[in-house]
Amino acid sequence: NKTLTLVNPDTVTVDSTINVLENAYTIATVDDFSTVPSGITTVIVKDKDRGGVFNRIDSTTANGGTIFSGTGYSWERQYSGAVNVKWFIANTDASDDIGIQKAIDFIPFGSNGAIEFEPNKTYIINNTITIFNRALKVYGNNANIVLSVTKDYALNIEGSNCSVESLQLSKASGVNGSGIFIKGLEHNLKDISSRDAVWTNFLYLSECNESHFSNIRIDNDVAGKTGTIIYLHGSVNNTFSDCFIGHCNYGVYSDMYLSTEGQQFTNIITVFCNRAFNFDKITNSGIVNCVLDFNNHYGVYATNGQSLYISNCWIALIEGSTGGCIGVNANFKQAFITNNTLVGNGSSPTGGAFASSSQYSIFSGNAYQNLNFGAINDSTTLALNNIVHGSGSNINVGNSIESNFNATNFFFNRNITATNIETTKVNVSCVADTYVSVGITLSSGLYIISQQIYDSSYYGAYAIVLVGQGKDYVVAKASKSGVDIATNGDGVPFFKFPITMTVPLVVTKLSSY
């Protein structure tokens, strides 16, 4: 009878266990195969990292992980499932990347395979780990890869159908570099994380197409808020979901050197970014159901391209920011901004909800609070059904809506200042149905407002016509006895700007004159 303790029971089958019991021979390490007697066909290596069950085969080339040389024979590891990178890491290696790369290269070019890391173990690398032209599955098991020498990237993935999951990436202090370079198509990365490693770019997608990224958690630079989390260069039809990214300059950035299109972002949370999304050039892409919080400059800014939709998002500025929530440049066409909540600095709302010169765009169903409206400056753009919430004072509901801009159904409440809803070029019939609640201060502009008054003494309606920039305006009172026009005594309507109304107001329609 023999008692057998298996070093790697997860890699040993029942058949191999029986075989070992019949003819067991043990050695301490994989360096001891030369000591095995000639009659032995199965060997157990007791080393806790590189050990296992090996069968004798005809002499062949050793690879330092699954095949080792002996005296007159070679020895082949018996295993099923993924290749464990620890089998290839020798004590004499200068860094762990040597063995990790050997494990990857063990999978033939153009074929399928899988490697795995030891759970929660830290691996130190001095060189970029490269996965090239292999449909490889990488099971990280929450291992931590630490880049200890300045390199362009810690991990380089090229080809197609590579899957990486449950892996942490770190970088030694003072080391420069980026996280993962990805090129090709149909890759899948999930459960990837990094904390305060200060990467130049964490994910760099260069002509990466039809790939999916999920559960990415990156806090890049808590102190300095530098670097970019996701960099897009000429990439097409990728999806990003359920990610948390922050403490950076850009959460997501697309450059203008090679067109990026078809990027879809859902359920993304960003915090403490200078700009959560900055698109120098992008086409046919969307940001949906996302939270973009504590932005220093913009939540989203698009410069070139067309067809960007932003929907059902919370976009908020950090305290003290003078930036805006959403900016769209004149070189961008077809921005569809719908059903978002945009939030500014409550104590001093100087930022703008929108800064747009985009053509053929729609701003609809958005609620913004503690923000100035900002500016929308193109006659082909439409804004409708937007809601404004105030807190304190100094909130401009209009603030530069330019000539011939089409705006309807703005809903306002609480201590709002309305200034420059149109410039002097405006066709005064272009704005209609604006609703205002208690406490609005009106400055010079061009619009008609009707007012409903309800109290126990009487019921009446007022129509207020602001005659022009900096000029007087007319108040017409409609009541049961008719319509009265307030004048300055000589028949000329006379009221001066500004005036504060303390009752609900409704802008019903502008008239040209």
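Residues numbered from 1 in each chain as written. Predicted model: local features only at pLDDT ≥ 70, side-chain atom pairs only at ≥ 80, totals over all residues. Heavy atoms only, no water.

Chemist: Please explain the overall build of the protein as it appears in this structure.
Modeler: Check the secondary structure of the protein and you find two helices and 40 strands. Relative to its 513 residues, the protein shows a buried fraction of 51%. Within the protein, contacts between residues at least 6 apart in sequence are counted, and of these 57% link residues at least 24 apart. A total of about 21,500 Å² of accessible surface is found on the protein, and carbon and sulfur atoms cover 49% of it. (Helix = DSSP H or I, 4+ residues; strand = E, 2+ residues; numbered from the N terminus. Buried < 20%, exposed > 50% of the residue type's maximum accessible area, 1.4 Å probe, protein only. Contact = heavy atoms within 4.5 Å. Areas by Shrake-Rupley, 256 points an atom, 1.4 Å probe, with all protein chains shown as cover.)

Chemist: Teacher, can you tell me more about the pattern of salt bridges here?
Modeler: Should their charged atoms come close, side chains of opposite charge can pair. Evaluation of the coordinates by the stated rule reveals five salt bridges. For Lys48, the salt bridge identified is with Asp49, shortest N-O distance 3.4 Å. Of the residues examined, Asp49 reaches a relative accessible area of 25% and is grouped as partly exposed. A salt bridge links Asp105 to Arg134; the nearest nitrogen and oxygen atoms lie 3.8 Å apart. In this pair, Asp105 is assigned in helix H2 (residues 97-105) and Arg134 in the loop between strand S9 (129-132) and strand S10 (135-147), connecting sequence segments 29 residues apart. The class for Asp105 is partly exposed, based on a relative accessible area of 40%. The buried category is assigned to Arg134, whose relative accessible area is 5%. Within the structure, one salt-bridge network assembled from shared partners comprises Arg195, Arg217 and Asp219. (Salt bridge = Lys/Arg side-chain N within 4 Å of Asp/Glu carboxyl O.)

Chemist: How should I be thinking about the layout of surface pockets in this particular structure?
Modeler: In this approach the atoms are scanned with a rolling probe the size of a water molecule, which exposes any empty space left behind. Computed from the structure, the largest pocket encloses a volume of approximately 250 Å³. Lining the largest pocket are 14 residues, and of these Asp47, Arg50, Ile89, Ala90 and Asn91 sit closest to its centre. When the residues that make up the lining of the largest pocket are grouped by side-chain class, the tally is four nonpolar, three polar and seven charged. (1 Å grid on protein atoms, 1.4 Å probe; cavity = no way out; pocket = protein on both sides within 12 Å on 5 of 7 lines; lining within 4 Å. Points joined across faces, edges and corners; volume = space filled by probe spheres on them. Nonpolar A, V, L, I, M, F, W, Y, C, P; charged D, E, K, R; others polar.)

Chemist: Which parts of the structure should I look at to understand the packing of aromatic side chains?
Modeler: Here the distance between the centres and the angle between the planes together describe a pair of aromatic rings. Taken as a whole and assessed by the stated rule, the structure comprises 23 aromatic pairs. Between Tyr204 and Tyr231, the aromatic rings sit 4.5 Å apart at their centres with planes inclined by 10°, giving stacked as the arrangement. With Tyr204 in strand S15 (residues 201-209) and Tyr231 in strand S17 (residues 228-233), the pair connects residues that are 27 residues apart, well separated along the chain. What makes Tyr231 buried here is its relative accessible area of 14%. Three or more aromatic residues link up through ring pairs in this structure, and these residues are Tyr153, Phe181, Tyr204, Tyr231, Tyr250 and Tyr253. (Phe/Tyr/Trp six-rings, centres within 6.5 Å; stacked < 30°, edge-to-face > 60°.)

Chemist: Mind showing me how you'd approach empty space enclosed by the protein here?
Modeler: In this structure the tally under the stated criterion is two cavities of 30 Å³ or more. When its volume is computed, the second largest cavity comes out at roughly 70 Å³. Contributing to the lining of the second largest cavity are Ile100, Ile104, Ile115, Phe117, Ile129, Ile131, Val138, Ile145, Leu155, Val164 and Leu167. Counting only elements with at least two residues in the lining of the second largest cavity, the list comes to H2, S9, S10 and strand S12 (163-171). Classifying every residue of the lining of the second largest cavity gives 11 nonpolar, no polar and no charged.

Chemist: How should I be thinking about the pairing of strand S5 (residues 74-77) in this particular structure?
Modeler: The side chains of a regular strand alternate, residue by residue, between the two faces of the sheet. Here strand S3 (residues 52-57) runs beside S5; their pairing, made up of four bridges, is antiparallel. Its bridge partner being in S5, Phe54 is matched across the sheet by Arg77. Pairing of strand S4 (residues 67-69) with S5, which is carried by three bridges, proceeds in the antiparallel orientation. From the neighbouring strand, Ile67 faces S5, where its bridge partner is Glu76. In sequence, S4 turns back onto S5 through a hairpin of four residues, with Gly72 there showing a positive phi of about 85°. (Pairing = 2+ DSSP bridges.)

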